[in-house]
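One-letter residues, chain by chain:
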Amino acid sequence: MKKAIIELTDVNFRYEQRIVLEHINFTVKDGEFWALIGPNGSGKSTLINIILGLLKPEQGSVKLFGEDLEHFHHRELIGYVSQKSNSFNSGFPATVLEVVRSGLTRKKGLFKRFTKKDREQAMKALEIVQMDDFAEQNIGELSGGQQQRVFIARALAGEPKLLVMDEPTVGIDQQNVASFYSMLNRLNGEHGIAILLVTHEIDLVTELATHVACLNRSMHFHGVQSDYQKIDHQSISKWYGHPVRRLHQDEGEVAE
Amino acid sequence: MIDALFTYEFLQNAFLSGIIIGFIAPLLGLFIVVRRLALIADALSHVALAGIAGSLYLSQQVLFFSALNPVYFGIGTAVGGSLLIERLRTVYKHYEELAIPVILSAGIGIGAIFISLSQGFSADLMGYLFGSVSAVSRQDLFVVMVIALIVVAFIYFFYKELFILSFDAEYSKVSGVYSRFIQLSFMVITALVIGASMRIVGILLVSSLMTVPVAAAMQIAKSFKGAMLYSILIGEMAVVIGLVSAFYLDIAPGGTIVVTSIVLLLMILGWKKVRSARQVLLKEEEVV
């Protein structure tokens, strides 16, 4: 039996009067690759922020790695990658290695300085994302796709059990998106890291993930990928609130 | 000059303090610049002005204050101001930067009142505004040394946390690194550095020593460590050249130090331009 690493039970959340999340039940287990999909404003980011501990649910329970959110002190088990666009200023004087090593900050703890071993650890993470040749380059000199790989390496440096990604491919060109996703597959398959990927692109990801969750204020679907593929267009369009064409292997079209 | 340095205690005080602040001001300044907080340094130095002016005025009126070094009062008000800015930032959640002009105006306003209330400390005041080679006492030097120790220890022990807070504040929160303690300490430390530096570069120019060397260093540095090293090097050059010329020309060192650092910045910008032009030329030759 695989261990549950995220366990949300009957979670509600509202911003002032507006209900954002309603009766959310959501479980992610060790080694699973989840795609969390839903239209804009469906509460995806709110749900992620609750899981990351940035927001408190109004009601319901949140458990991470079997512990209640309030008592969960092992943030280093969770690696986080945000949208590239809003995470840093590109003129920042730092090398790729310095950025990746900073992912170890929490794990090291207060008053401890980085050592040679931490450097090696950061290099190892860079090798996983195939960016080790860029270690001494300035982070601002890289392309968007390369930067995003570096941020994944930063998240991987602390050897997390779960990788949470909020629309990581925004601002990356299509060609790089494909290789980005195949890298995620490798992380999940070879390294056994559980992944929770938030996206509004429902095409590529749902093919890739082992599990799919459809969110629009409430959880409309929540299960294995093969079951998701059986759902007809009409139902998905209804959840989305507008027509959605879904990518099928034979069609090759992109969801709206 | 060397002879004078051995002969006069005030010169030793000025140079030793200068070398120390040439180290700590750009060192902390790097974090301030990359966090886009340069204006906070400005605001805090103006709060220090209120403290200095208040202390100078009170020293004319109350016996107790005449024995008190105005620098302490200036540092005290700057630290108070830093805590106030933090407090105001949480009041104006969506306009955090509004805290800065509010505090800055309060500092100048209160300073202006005390300056006009009192008579006859214009020479003293000039020294505080633009720095002074002759007015640094042993006690001032001692204060600078203690502050330098605190600053260096703070950055040494919290380097990782400060780096991640500067590079990506959101990530620092998500990864559980962010703490109110570090943020608050950072503000207080900034106030302390301003207090330490104002005797040499003056209240009005303190923030320049924290930002201009960093602005120059960021043009040439690839890494954060490199930016730190270059900032300190440029800061030290500016302080030494500035102090020597201030001594010989008999002008306020704040002016000479800051102008030197600006010249260094321009030189680096010019050098970069020449270098990139040459690279373009070389490439063209290759093509031909």
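Structure shown above.
Because the structure is a prediction, the values reported are computed rather than measured. (Residues numbered from 1 in each chain as written. Chains lettered and ligands numbered in written order. Predicted model: local features only at pLDDT ≥ 70, side-chain atom pairs only at ≥ 80, totals over all residues. Heavy atoms only, no water.)

### What to know about the packing of helix α5 (residues 70-91) of chain B against helix α8 (residues 138-157) of chain B
Between two packed helices, both the angle of their axes relative to each other and the distance between the axes serve to describe the pair.
All names here are of chain B.
Moving on, step 1. Contact pair α5 / α8: the axes reach a minimum separation of 10 Å and the direction vectors enclose 30 degrees. Here α5 lies roughly parallel to α8, going by the angle between them. Note on element contacts: α8 touches α5 through Gln139, Asp140, Val143 and Ile147, opposite Val71, Tyr72 and Ile75.
Moving on, step 2. Of the residues belonging to the contact of α5 with α8, the class tally is five nonpolar, one polar and one charged. (Axes fitted to C-alpha atoms, helices over the stretch in contact; angles between N-to-C directions. Helix = DSSP H or I, 4+ residues; strand = E, 2+ residues; numbered from the N terminus. Parallel < 35°, antiparallel > 145°, perpendicular 65-115°, else oblique. Contact = heavy atoms within 4.5 Å. Nonpolar A, V, L, I, M, F, W, Y, C, P; charged D, E, K, R; others polar.)

### Examining empty space enclosed by the protein
One water molecule sets the probe size; rolling that probe over the atoms shows where empty space is left.
Moving on, step 1. Using the criterion set out here, one finds four cavities of 30 Å³ or more in the structure.
Moving on, step 2. By volume, the largest cavity amounts to about 110 Å³.
Moving on, step 3. Taken together, 15 residues line the largest cavity, and the ones lying closest to its centre are Arg75, Glu76, Ile78 and Gly103 of chain A together with Tyr171 of chain B.
Moving on, step 4. Counting residues per element, the ones that place at least two in the lining of the largest cavity are β6 (78-81), α3 (105-108) and α5 (144-157) of chain A together with α10 (169-174) of chain B.
Moving on, step 5. Among the elements that take part in the lining of the largest cavity, β6 of chain A stands out by supplying three residues, more than any other.
Moving on, step 6. Split into classes, the residues belonging to the lining of the largest cavity amount to six nonpolar, four polar and five charged.
Moving on, step 7. In this structure, the second largest cavity spans a volume of roughly 40 Å³.
Moving on, step 8. Around the second largest cavity sit Glu98, Arg101, Ser102 and Phe114 of chain A together with Tyr159, Lys160 and Phe163 of chain B, which together line it. (1 Å grid on protein atoms, 1.4 Å probe; cavity = no way out; pocket = protein on both sides within 12 Å on 5 of 7 lines; lining within 4 Å. Points joined across faces, edges and corners; volume = space filled by probe spheres on them.)

### Things to note about the sheet that holds strand β2 (residues 18-29) of chain A
Residue and element names in this part refer to chain A.
Moving on, step 1. Taken together, the four strands give an open sheet; going across it, the order is β2-β1-β4-β5, and neighbouring strands pair in antiparallel fashion. What marks the edges here is a single partner per strand, and that holds for β2 and β5 (67-68).
Moving on, step 2. As judged from the two bridges shared by strand β4 (residues 59-64) and β5, these two strands associate in the antiparallel manner. Each bridged residue has a counterpart across the sheet, and for Leu64 the counterpart in β5 is Glu67. (Pairing = 2+ DSSP bridges.)

### Remarks on the packing of aromatic side chains
Moving on, step 1. Tallied over the full model, the rule gives 21 aromatic pairs over all chains.
Moving on, step 2. Centroid distance Phe13 of chain A to Tyr15 of chain A: 5.0 Å. Interplanar angle 85 degrees. Geometry classified as edge-to-face.
Moving on, step 3. Residue Tyr15 of chain A is classed as partly exposed on the basis of its relative accessible area of 36%.
Moving on, step 4. Between Phe221 of chain A and Tyr228 of chain A, the aromatic rings sit 5.8 Å apart at their centres with planes inclined by 50 degrees, giving tilted as the arrangement. With respect to class, Phe221 of chain A is no different from Tyr228 of chain A; both count as buried.
Moving on, step 5. Among the aromatic residues, ring-to-ring pairing joins Phe92 and Phe151 of chain A together with Phe31, Tyr159, Phe163, Phe167 and Phe224 of chain B into one connected group.
Moving on, step 6. The ring of Tyr171 of chain B is capped by Arg154 of chain A, whose NZ or CZ atom sits 3.6 Å from the centre of that ring. (Phe/Tyr/Trp six-rings, centres within 6.5 Å; stacked < 30°, edge-to-face > 60°. Buried < 20%, exposed > 50% of the residue type's maximum accessible area, 1.4 Å probe, protein only. Lys NZ or Arg CZ within 6 Å of the ring centre and 35° of its normal.)

### Brief notes about the nonpolar core
Moving on, step 1. Ile152 and Leu184 of chain A are the most contacted members of the largest nonpolar core, which has 128 residues in total.
Moving on, step 2. For this core, the leading source of residues is helix α2 (residues 9-34) of chain B, giving 13 residues.
Moving on, step 3. Residues in contact with Leu184 of chain A, not counting those within four places in the same chain, are Phe33, Ile152, Met165, Ile195 and Leu197 of chain A.
Moving on, step 4. Of all hydrophobic cores here, the second largest spans 37 residues; its members include Leu8, Phe26, Val164 and Leu196 of chain A. (Core = buried A, V, L, I, M, F, W, Y, C linked by side-chain atoms within 4.5 Å.)

### Thoughts on the pattern of salt bridges
Moving on, step 1. One pass over the structure, following the stated rule, counts 14 salt bridges over all chains.
Moving on, step 2. Asp168 of chain B is the salt-bridge partner of Arg154 of chain A, the closest N and O atoms lying 3.0 Å from each other. Highlighted residues: Arg154 of chain A in helix α5 and Asp168 of chain B in the loop between α9 (159-167) and α10, drawn from two different chains.
Moving on, step 3. Since its relative accessible area comes to 3%, Arg154 of chain A is described here as buried.
Moving on, step 4. For Asp168 of chain B, a relative accessible area of 2% gives the class buried.
Moving on, step 5. Through salt bridges with shared partners, one network takes in Lys107, Lys124 and Glu159 of chain A. (Salt bridge = Lys/Arg side-chain N within 4 Å of Asp/Glu carboxyl O.)

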